[in-house]
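# Structural features, examined
Single-letter residue listing:
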Amino acid sequence: MLPKNPIIGLCQQASFLISAAKVDQCPEDSGLEVAFAGRSNAGKSSALNTLTHASLARTSKTPGRTQLLNFFRLDDERRLVDLPGYGYAKVPIPLKQHWQKHLEAYLGSRESLSGLVLMMDIRHPLTEFDCMMLDWSVASGMPLHILLTKADKLAFGAAKTALLKVRQEIHKQWGEGISIQLFSAPKRMGVEEAQMVLAGWLGLLPEDDEEGAEEA
């Protein structure tokens, strides 16, 4: 059984901080922050809201509504960041190019970024965008944890099979440093496991607990 996670208390007092269209509009680059990335239809905002027990990120029946870098304050030293979704939104090409340019600038320059949560729809994993984020994570040495979202859309056995298949492919192409799990926002599946990863990256766990969370 997992110990009570200190991040839960912080999430209960989480609040919207600022939206940024460009890197120079981001908050001061100090402390620690974890960013959430994924294709526009991967359930990113729902996952973020479920993990924080709050309605921080705006969800919509129209994928691709997150068009800015949205920062949420946990305390004076810790933040969560909802990154723009990609690949589905029906927006003009110049706007997509703007997102990509400034997302790359954020990922490449943000000193306080301590980890990246990548969400993949379990029915459509390892898209071109997902592979691009995995390439960047390995090249930059940035810790990355994958949530296979919408796991409730498959029978449990099929979901476990999909998890093993994707994990095998990722370890084959990108090494074994990337962790992965099943996740469902409506069913609250995998919430505690993901919260332990966040707490480790945000410096909220003793080192032995952090190692245990990574091994899980």
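Our subject in this report is the structure included herewith. The structure displayed is predicted, hence computed values, not measured ones. What you see as residue numbers is a count from 1 along each chain, following the sequence as written. At least 70 in pLDDT is required for a residue's local features to be given in this predicted model, at least 80 for side-chain atom pairs to be given and counted, and no such filter applies to totals for whole chains, interfaces and linings, which use all residues. Note: side-chain values were computed over all heavy atoms of the structure, leaving out hydrogens and water.

### Comments concerning the pairing of strand β3 (residues 69-75)
Put simply, the rule is: Residue burial is assigned from relative accessible area. The probe radius is 1.4 Å, only protein chains are included, and a residue is buried under 20% of its type maximum, exposed over 50%, and partly exposed in between. Counting from the N terminus, the helices are DSSP H or I runs at least four residues long and the strands are E runs at least two residues long. Here the rule is simple: two strands pair whenever DSSP picks up at least two bridges between them.
Across the seven residues of β3, six count as buried, placing the element largely inside the fold. Bridge count between strand β1 (residues 15-20) and β3: five bridges; the pairing is antiparallel. For alanine 20, the partnering residue across the bridge sits in β3 and is leucine 69. As paired elements, β3 and strand β4 (residues 78-82) share five bridges and run antiparallel to each other. The residue bridging arginine 73 from the neighbouring strand is arginine 79, located in β4. If you look at the hairpin formed by β3 and β4, you'll find two residues sitting between the two strands.

### A look at unusual backbone geometry
Even without being a glycine, leucine 126 presents a positive backbone phi close to 55°. Mapped onto the elements, leucine 126 comes out in the loop between β5 (113-121) and α4 (128-140). Even without a glycine there, the phi angle at lysine 150 is positive, about 60°. Within the secondary structure, lysine 150 sits in the loop between β6 (144-149) and α5 (156-174).

### A few points about the nonpolar core
Side chains of a nonpolar character, in soluble globular proteins, are inclined to be buried together. What counts, and what does not: In this description, a nonpolar core means a group of buried Ala, Val, Leu, Ile, Met, Phe, Trp, Tyr and Cys residues linked to one another through side-chain atoms lying within 4.5 Å. Contacts: residue pairs with any heavy atoms within 4.5 Å of one another.
Counting 34 residues, the largest nonpolar core has Leu83, Tyr106, Leu116, Leu118, Leu134, Ile146 and Leu148 as its most contacted members. Secondary-structure elements contributing two or more residues to this core are β2 (32-38), β3, α3 (93-109), β5, α4, β6, α5 and β7 (179-182). If you tally residues by element for this core, the top one is α5, at six residues. For leucine 116, the residues in contact, after removing those within four places along its chain, are Ala35, Ala37, Leu83, Leu107, Met133, Trp136, Met142, Pro143, Leu144, His145 and Trp201. Core analysis: the second largest hydrophobic core is formed by 30 residues, Ala42, Leu48, Leu51 and Met196 among them.

### Side note on helix α2 (residues 44-52)
Residues spaced three or four apart along an α-helix point in a common direction, a consequence of the helix completing one turn every 3.6 residues. Burial runs high along α2: eight of the nine residues are buried. Within the span of α2, buried status applies to Lys44, Ser45, Ala47, Leu48, Asn49, Thr50, Leu51 and Thr52. Count one or two residues on from α2 and you reach histidine 53, which has phi positive near 55°.

### Considerations on the pairing of β6
For clarity, the cut-off: Looking down the strands as they point away from the viewer, one classifies a crossover as right-handed if the path from the first strand across the helix to the second runs clockwise.
With six of six residues buried, β6 is to be regarded as a mostly interior element. Side-chain alternation along β6 places Leu144, Ile146 and Leu148 on one buried face and His145, Leu147 and Thr149 on a second face that is also buried. Bridge count for β6 against β7 is four bridges, and the pairing is parallel. Within β7, the residue paired with isoleucine 146 across the bridge is isoleucine 180. For the segment spanning β6, α5 and β7, crossover handedness is right-handed.

Read these as spatial facts, not as claims about activity.
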